[in-house]
Amino acid sequence: MCGIVGYIGNKDATPILLEGLKRLEYRGYDSAGVAVLTNGKITVEKQPGKISALEQSLAQNALSGKLGIAHTRWATHGVPNQINAHPHTDTTGRIALIHNGIIENYQTIKTKLESNGYKFSTDTDTEALVNLIAEYYQNGSSLEEAVRAALSQVEGTYGIAVISRDEPDTLIAARRGSPLVVGMGDNEYFVASDVSAIINHTKDVTYLDDNEIAIITRDKVTIKTIDNLEVDKKIEKIAFDLDKIEKSGYDHFMLKEIMEQPQTIEDAMRGRLLSEEGTARLGGIRHEMESLLYAPQILLSACGTSWHASLIGEYMLEEFARTPVEVEYASEFRYRDPIIERGAVMFVISQSGETADTLAAMKEAKRKGAKVFGICNVVGSTIARESDAGIYLHAGPEIGVASTKAFTSQVMVLSLLSLLMARMRNLGASKGIDIVNEMKALPKKVEKILQTHELIKEIAKEYHQSQNFLYLGRGYNFPVALEGALKLKEISYIHAEGYPAAEMKHGPIALIDENMPVVFIATKDSTYEKITSNIEEVKARSGRIIAIATEGDEEISKRADHVIYIPPTLEFLTPILTIIPLQLLAYYIAILRGCDVDQPRNLAKSVTVE
Ligand code: AGP
């Protein structure tokens with residue numbers, strides 16, 4: 001989704017801003033622009049399409065200056081063209097603004113400003129904000145005062161960066177509901193919506209909280225609330241290096257991230273398994289363990305892939321912790337007045353920790369008195385900071401828009417949580433020890449599955465021109481079917497559906513013919529016999545069958561057209577293995593169709609608008 005980069009210092013701003021924008025490309029965008037203060041004037045250059053188009057136009061109209069802002073836009077209000085691209089300037093060109101989020105009352109603001117003589121030339125909500133700031137930036141007001149005054153009138157969400165031609169030594173940034181971080185360098189400062197944009201320059205950062213404004217001059221940063229109260233913020237160190245956000249020899253981030261999973265699964269468990277006691281230790285929720293154990297109800301709320309991980313979490317927690325669990329789409333939760341029992345605990349699960357719907361669900365649950373625990377990947381994200389307790393995934397930055405390694409880490413963390421709760425309730429030590437041993441064996445098993453990538457590539461060749469796919473699984477592997485289908489549709493644009501296998505006969509079976517590939521997750525577990533009957537039903541209707549099966553199951557190859565084997569494991573841990581071939585299948589199919597797997601059309605890595 002939209003990206004923000006700002007710079008103030010002694011260096012030429014444009015190359016720094018462009019480099020930052022490129023590091024944000026993965027978030028998804030459809031136009032890009034920069035504004036630089038050059039010889040007392042703000043000059044704006046913007047282009048629809050990729051950053052390379054912006055670079056080309058900058059090669060012809062070089063912008064040089066030591067203060068600037070830059071943006072990648074993911075269209076919400078107005079088509080993705082040059083006019084609607086950010087930065088936006090006020091009617092007089094005195095100030096320039098970049099904005100992530102949505103100004104909900106922009107129409108009211110616009111109408112009022114128009115009656116005061118302001119002219120509007122874009123379809124964006126942002127133009128209303130920049131002109132509102134201009135309206136307050138009169139009669140001796142400073143830019144800071146004008147921004148604060150304007151923001152007090154705004155309904156909606158924003159992460160903004162603003163510059164003025166009359167204050168060449170000031171960069172203002174503010175946030176409500178859309179992440180922003182301020183980076184401290186040597187006599188230079190940066191603003192970004194994501195630390196990846198500035199990590200090449202500094203690792204010392206301060207995260208803005210909602211309703212905070214940063215007033216950055218050439219020698220210091222002051223952070224205040226929008227109501228003008230100074231806030232003492234701590235400077236934090238970014239814990240990862242540049243190589244973590246580079247492709248390291250892989251063709252795509254997605255492939256790199258799929259291949260990294262033996263390591264990321266290991267990292268999700270690192271220091272958290274107690275082998276002799278047969279349990280797990282989760283430091284981030286230790287102080288809230290009692291609320292969790294006595295909670296009459298556990299809610300899991302998330303979106304997309306994280307929602308699929310939550311479904312697996314529901315099965316695990318009900319089986320092992322014996323607590324009633326509800327899984328809620330975060331986007332639905334906030335609007336449907338859900339019943340939250342006294343003492344309930346909600347886990348919000350999110351790779352980015354910034355998904356707008358998930359944040360809203362979190363707020364709603366808090367409002368209704370629930371404790372909220374976060375499970376997220378991005379350190380310092382809003383969910384990480386605003387939850388009562390939490391567990392990090394430690395999967396490292398996930399750049400590919402299609403989530404892969406974060407999913408397996410989420411499932412891993414949920415399985416650790418289930419083990420921990422079960423051991424505190426009714427699971428005996430020897431069973432706990434067996435589980436710990438099996439968990440420890442997972443990274444090697446994932447490695448083994450990844451070695452089957454050539455076979456998966458061959459299968460992809462056979463089916464990459466299909467129009468539709470069906471994914472079927474049961475029990476713990478039903479959410480894996482949903483996730484496999486989501487991966488395929490996200491990056492290859494093939495229509496794919498996931499179903500619990502037994503539901504097939506209630507409708508989807510009508511779709512089966514010789515052109516329909518059906519992916520069955522048919523591992524040797526409690527649902528195996530049932531799912532083989534479903535395979536027969538598809539075979540009887542000439543459907544093409546790709547089965548994910550357990551090593552040693554020779555029978556299944558008599559029924560399926562293709563079999564991808566995975567090593568055996570405990571039933572509740574199978575999703576961590578079964579999803580791997582499905583990620584690879586989606587990846588290879590998308591490549592064969594010539595799709596941009598890392599930045600699929602219309603998608604954003606972190607969906608920070610409602
Ligand atoms: C996954 O491949 C998606 N791109 C998307 O569904 C994602 O999982 C969803 O937007 C939630 O994101 P989050 O985990 O960062 O909250």
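Residues numbered from 1 in each chain as written. Predicted model: local features only at pLDDT ≥ 70, side-chain atom pairs only at ≥ 80, totals over all residues. Heavy atoms only, no water.

S.K.: Can you help me understand the layout of surface pockets in this one?
M.R.: In this approach a probe as big as a water molecule rolls over the atoms, and the regions it shows empty are the leftover space. When its volume is computed, the largest pocket comes out at roughly 810 Å³. Lining the largest pocket are 41 residues, with Phe240, Asn377, Val378, Val379 and Pro397 positioned closest to its centre. Counting only elements with at least two residues in the lining of the largest pocket, the list comes to strand E14 (236-237) and helix H7 (261-269). With 3 residues, H7 is the single largest residue contributor to the lining of the largest pocket. When its volume is computed, the second largest pocket comes out at roughly 610 Å³. (1 Å grid on protein atoms, 1.4 Å probe; cavity = no way out; pocket = protein on both sides within 12 Å on 5 of 7 lines; lining within 4 Å. Points joined across faces, edges and corners; volume = space filled by probe spheres on them. Helix = DSSP H or I, 4+ residues; strand = E, 2+ residues; numbered from the N terminus.)

S.K.: Can you help me understand empty space enclosed by the protein in this one?
M.R.: A complete count under the given rule lists 2 cavities of 30 Å³ or more for this structure. Taken as a whole, the largest cavity holds about 80 Å³ of empty space. Surrounding the largest cavity, Cys2, Arg73, Trp74, Thr76, His77, His86, His99, Gly101, Thr124, Asp125 and Thr126 form its lining. When its residues are assigned to classes, the lining of the largest cavity shows 2 nonpolar, 7 polar and 2 charged. (Nonpolar A, V, L, I, M, F, W, Y, C, P; charged D, E, K, R; others polar.)

S.K.: What is the right way to look at the site of the ligand in this model?
M.R.: Near the ligand you find 13 residues, and of these Ser306, Ser350, Ser352, Thr355 and Glu490 are the closest. Measuring from an oxygen atom of the ligand, one finds a side-chain N or O atom of serine 350 at 2.6 Å. Between the ligand and the protein, one listed contact pairs a nitrogen atom with a backbone N or O atom of valine 401 at 3.1 Å. In this structure the site holding the ligand corresponds to the second largest pocket. Ranked by the residues each element gives to the shell around the ligand, the list is headed by helix H9 (residues 304-320), at 3 residues. Along the lines of polarity and charge, the residues of the shell around the ligand split into 3 nonpolar, 8 polar and 2 charged. (Near = heavy atom within 4 Å. Polar contact = N/O pair within 3.5 Å; in protein donor to acceptor, adjacent residues only side chain to side chain. Sits in = over half its atoms within 2 Å of the grid points.)

S.K.: Which parts of the structure should I look at to understand the sheet that holds strand E20 (residues 371-376)?
M.R.: Paired through their backbone hydrogen bonds, the strands of a sheet run either parallel or antiparallel. Taken in spatial order, the 5 strands make up an open sheet running E18-E17-E19-E20-E21, and their pairing is parallel. The open sheet has two free edges, formed respectively by strand E18 (325-329) and strand E21 (389-392), since each of these has just one partner strand. Strand after strand, the sheet turns through a mean of 20° between neighbouring axes, direction not considered. Where strand E19 (residues 345-350) meets E20, 6 bridges bridge the pair, whose relative direction is parallel. (Pairing = 2+ DSSP bridges. Axes fitted to C-alpha atoms, helices over the stretch in contact; angles between N-to-C directions.)

S.K.: Is there a simple way to think about unusual backbone geometry in this case?
M.R.: Where the residue is not glycine, phi is negative for most of them; where a peptide bond is considered, it is trans in most cases. Histidine 86 connects to proline 87 through a cis peptide bond whose omega is 0°. Among the secondary structure elements, proline 87 is positioned in the loop between strand E4 (67-73) and strand E5 (88-89). Although it is not a glycine, asparagine 139 adopts a positive phi angle of roughly 50°. Assignment of secondary structure puts asparagine 139 in the loop between helix H4 (126-136) and helix H5 (143-151). Phi at asparagine 602 takes a positive value of approximately 65°, unusual for a residue other than glycine. With respect to the helices and strands, asparagine 602 occurs in the segment after helix H19 (574-592).

S.K.: Looking at this structure, I do not really get helix H15 (residues 453-463). What am I missing?
M.R.: Residues three or four positions apart in an α-helix share a direction because the helix packs 3.6 residues into each turn. Looking only at H15, the buried set comprises Ile456, Ile459, Ala460 and Tyr463. Projected down its long axis, H15 shows its buried positions confined to an angular sector of 105°, all on one face. Buried positions along H15 lie against strand E22 (468-473), strand E24 (517-522), strand E25 (544-550), strand E26 (562-566) and H19. (Buried < 20%, exposed > 50% of the residue type's maximum accessible area, 1.4 Å probe, protein only. Arc of directions from axis to C-beta. Contact = heavy atoms within 4.5 Å.)

Bear in mind that shape data such as this cannot, by itself, settle questions of function.
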